[in-house]
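Now for the letters of each chain:
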Amino acid sequence: MSVYYSSTDHFVLLPVILLALFACATLLFDFWLFPDARQRRFLVWFLLIGEAFAGVALWRQQSFLNDHGGTIQAFNGSLVVDGFSLYFHWIFLATTTIVGLISYRYFEVREEHHGEYYGLIMLAQCGMFFLASGNELVTIFIGLETMAVTFYILVGFLRKDKRSNEAALKYLLLGGFSSGFLAYGFSILYGISGSTKLNDIAIAVAGRDPFDPLLYLAIATILVGLFFKVSAAPFHMWTPDAYEGAPTVVTAYLSVGSKAASLALLVRLLTGALSTAHAAWEPLVIGVALLSMTVGNFAAVTQTNTKRLLAYSSINHAGYILLGLVARNSIGLEGVMIYILVYAFMNLGAFLVLTSLASKGIAGEDINDLNGLMQKSPAHALWMLVFLLSLAGIPPTAGFLGKYLIFLGLLQSGHYVLAIFAALYVAVAIYYYFRLVRAMFTQKQESDVAPTTSLGLKFALGVTGVLTLAIGVYPEPWLRFAQWSITR
Amino acid sequence: MQSHILSIVLFTPLAGLLVLLLIPGQNKLLIRLWANIAAALGFLVSVPLLLSFDKAKDGYQFVERADWIPSLGVQYLIGVDGISLLMVMLTTVMGFLAIFSSWTSIKDREKEYYAMFLLQQVGMVGVFISLDFLLFYTFWELVLVPMYFIIGIWGGPRKLYAAIKFFLYTLAGGVLMLLGILTLYFQYAQQFGHYTFEISELMKLSLPLGLQQWVFWAFFLGFAIKVPMFPFHTWLPDAHTEAPTAGSVILAAVLLKMGTYGFIRFSLPLLPNASADKTIVTILAVLSIIGILYGALVSLVQKDWKKLVAYSSVSHLGFCTLGIFALNQNGISGSIIQQINHGISTGMLFLVVGVIYERRHTREIKEFGGLAHVMPNYAIVFAIAMLSSAGLPLLNGFVGEFTILQGAFEANKIWAAFAVLGIIFGAAYLLWLYQRTMLGEITNEKNRGLKDLSWREWAIFLPLIIWAVTIGVYPKPYFDILEKPVAQIVHRVHQSANMPLAAGAGLSVPSVTTVAAEARVR
């Protein structure tokens, strides 16, 4: 091992290397071994084995941190592995695995089953890795683009579907635009500090007045770029269209993986390098959070397309998570971490049920397509009820835990008005979530097409459902994990 | 050593529910049978509570304690005192009768129906026995979901509207209450250095009046919507009217009591200064009186039989809240007894409506008349239910209303004067309803062939009638059970508020037995 690539570097980078190797292998073997479309579902095994290897590599990092504490720095501090980033890596790993498991049936039905899909989602996961672990602006930006570019392709993956193509183009244009903002903000930060390392930037930022025009411009542009990615209002315009047009499995991945990764970066920046300038960013984040909850909730009320409805609901959730950052105390931050974890499972679960509604010739995206699901398939309907209750934040589901911590964080930091708003929006949210519940439980079924299902779907449904309940009923270990992740 | 009797009471319906889920959906008879058995078991396991409850003891009994979420200071902490014991008994009895009364009226999706009732039973019992605030909140919210489905699936023509209205109203109140809970929790951590949701720990807090008032209003929204008190009552007529009979029974008999119970258990002891604050007490009392009169007047003009009963609930619950905010022994214990009474009598009234609705599929009052000729037994049962609701001496309603009035009179004579007016109106709308439907000649030919009560319907009504009469004739055991816990609450409110103890109120309670005696005399 040379000075350019030490053993520590290897230790830190190993999960990504494994993922990238398996991703490339998937692309190659797709042509060599599986020319027949029906065999392509075996490619899921590439994904699963790749994730298993990456999981082992992550586990070694985890046990190292458990034993020695602190952080592991690699590549002269460009990458760090600490509790915070590991927490997110586990979320990305779980998310990608679940998305992989639910995808094959969906694409087979659509006759768009291509092997590179599995490679692409693993590559997106590599990008996410750098977003959560990156401690240096260029590394972070490359990670962000790796993830974003993969998602542009994935959103347009239904080549024969006009809506999918339109969504991809829209997402590409707006996403590219937002990346530009982010890069601009990064360049100013570099100008201020003369370094791309977040540690150096933190020192430079601390020495400046928060409302120094240059710094303020940097903060504002960075926030705009990231608000785009986490789909917070008023930068949410792409969300409903991209969510609606993208293949449902990709929508699930986009709404969970991409959002979690961007939030990881946002949290790292706002609680790390930019924490001393909180006077500057706090009002911006408060405004965006309130607007996100307002736009998300009230726009969702009128939606008839379930994917669009969940898109607006995800805007609303972005608002709640941002409020946890506003609280700027450990409870609020713990709330953010738990919320992201819980959101990953409950939102994936909800999209998973929608995925199984789609079958040959039926989009399964209208609220009416849920009609009478309780009669057709009680398991799907009951799990969906759990996910929706959790999304709304009703105890004892997991969603309540996230909201609870964020409310508490807001009350502790004296943001009473924000807390009241956040609490009342729960009642608005229940209204549109229960439109889905109403369709499933009280309406007569219109067609007797049973939900499509597969072993992977069943397994994923069980995992997300059980976790959504388990985190709510017995949150202690998860709370400890979240607490561990934010103690540095 | 801990006894697990309360956990058994809490989880028996849940166990019943799990077994129910294993029964195949086509086997309707077995489902019905099992649901009734599970509900009856739920009642039977609660009987030992009553037998081994020691009313001479202070504080909570049958306490069980286990860590639930240690890092948030949440415990699985349950226990009962006299107040919650009565509520638990009310819940288990009414829960069983509600399920029993659905035997013939529900023919559609029975498995889900009974599953919802059993799940609801868990939530309701949980609300009344929780001594940990987050546990309480969990059960509080848990109750909403089954009720949404009970109204939304098996309800009347406007069921979906009524169901979501019920859900949204109570949820909005609930989340604001949560903010109040979290404020107390956070204040406690600041004063004592650790987090806990335990109610008796939170009572050690000394909070400035201003903060208490804020928290009081947060709690108020949660509880007042549930009760419902006057400006928040609009969900109730819709929900009651659209719900299936058993749903209305549970809603009236138990769910509304969660609100009044909340005031007694949480608002008063946790926020004594705010609860004794003159402005707050006046506002609450005025809202209660408006509720009493408004509910009664609106009942007078109803054309729908069930809606009339629904609005009468607003009026009766007004008495309950008025009694609570009289803040003296008579007022509060009267209020609790009246809550039980309302559960019995309004539960019966809803069942009475259900009986006729099952036969005629209409509830328009003008469709009926002279039913006493064709259904004499039914007319007797209805008469008892009506008279108990109107507060006739020797029946249960009288004991509660009289004690509340006595408490209100001690607190403020003008309140009592207005409340008495409510009793008169109450007698008016109920007697008039009875006259229009039961007495006179048979006005509608369709009513001629109606069958009288079946043995099963008798079996539902009989326990309620017996219960109503025993409370009416001999209410002393109830006052005895309530004496200690209520005295404790009254003492706490008055002591913390530094108010001089008024004569006749507070710890010395000669009036309790006098009331019982007077009730017997009349």
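Every chain begins its residue count from 1, and numbering advances along the sequence as written. Each chain is given a letter, starting from A, and each ligand a number, starting from 1, according to the order in which they appear as written. Local features in a predicted model are, by the rule used here, given only for residues with pLDDT of at least 70; side-chain atom pairs are given and counted only at 80 or more, and totals for whole chains, interfaces and linings are based on all residues.

Draft legend 1. Structural view of the overall build of chain A. Of the regular secondary structure elements, chain A holds 19 helices and two strands. The C-alpha extent of chain A, read off along each of the three principal axes, is 65 × 55 × 45 Å. Out of the 488 residues in chain A, the part that is buried amounts to 59%. Contact criterion: two residues are in contact if their C-beta atoms, reconstructed from the backbone, are within 7 Å. The contacts of chain A with a sequence gap of at least 6 include a subset with a gap of at least 24, amounting to 80%. The helix and strand labels rest on DSSP assignments: H or I over at least four residues marks a helix, E over at least two residues marks a strand, and numbering proceeds from the N terminus. To assign burial, the other C-beta atoms lying within 10 Å of each residue's own C-beta are counted, with C-beta atoms placed from the backbone; 20 or more indicates buried, 12 or fewer indicates exposed, and intermediate counts indicate partly exposed.

Draft legend 2. Local environment of the overall build of chain B. In terms of helices and strands, chain B carries 23 helices and two strands. At 22 Å, chain B has a C-alpha radius of gyration in line with the 24 Å of a compact globule built from 522 residues. C-alpha extents for chain B along the principal axes are approximately 70 × 55 × 40 Å. Looking at chain B as a whole, 60% of its 522 residues qualify as buried. Looking at chain B alone, contacts between residues at least 24 apart form 80% of all its contacts between residues at least 6 apart. We compute the radius of gyration from the C-alpha atoms alone; for a globule the expected value is 2.2 Å times N to the 0.38, where N is the number of residues.

Draft legend 3. Geometry of unusual backbone geometry. Omega for the bond connecting Ala233 of chain A with Pro234 of chain A falls within 30 degrees of zero, at 5°, which places this linkage in the cis form. Mapped onto the elements, Pro234 of chain A comes out in the loop between helix H8 (213-229) and helix H9 (238-245). Cis rather than trans, the peptide bond between Pro395 of chain A and Pro396 of chain A has omega equal to 0°. Looking at the element boundaries, Pro396 of chain A is found in the loop between helix H15 (378-392) and helix H16 (398-412). Even without glycine at this site, Leu394 of chain B takes up a positive phi of about 80°. Note on placement: Leu394 of chain B falls in the loop between helix H18 (376-390) and helix H19 (396-411). On the basis of neighbour counts, which here come to 15 C-beta atoms within 10 Å, the residue Leu394 of chain B falls in the partly exposed class.

Draft legend 4. A look at the environment of Ala57 of chain A. All names here are of chain A. Looking at where Ala57 falls in the secondary structure, it is placed in helix H2 (residues 43-68). For the pair formed by Ala57 and Leu18, sequence separation is 39 residues and the distance between their alpha carbons is 8.7 Å. With sequence-adjacent residues up to four places away left out, Ala57 is seen in contact with Leu14, Pro15 and Leu18.

Draft legend 5. Just the pairing of strand S2 (residues 74-80) of chain B, in detail. Residue and element names in this part refer to chain B. Of all seven residues making up S2, five are buried, and the element is well covered by its neighbours. With six bridges connecting them, strand S1 (residues 61-69) and S2 associate as antiparallel partners. The residue bridging Ala66 from the neighbouring strand is Tyr76, located in S2. Taking the residues between adjacent antiparallel strands as the criterion, S1 and S2 are bridged by four residues, where Gly73 takes a positive phi near 70°. Should DSSP find at least two bridges between two strands, the strands are regarded as paired.

Draft legend 6. Focus on the confidence of the model for chain B. Residue and element names in this part refer to chain B. Confidence per residue, as judged by the predictor, is encoded in pLDDT with a range of 0 to 100. Residue-level pLDDT values for chain B average 88, and 95% of them are 70 or greater. Taken as a whole, residues 499-522 scores under 50 in pLDDT and shows 40 contacts with residues more than four places along the chain or in a different chain. Prediction confidence for the complex, expressed as pTM and ipTM, is 0.92 and 0.92 respectively.

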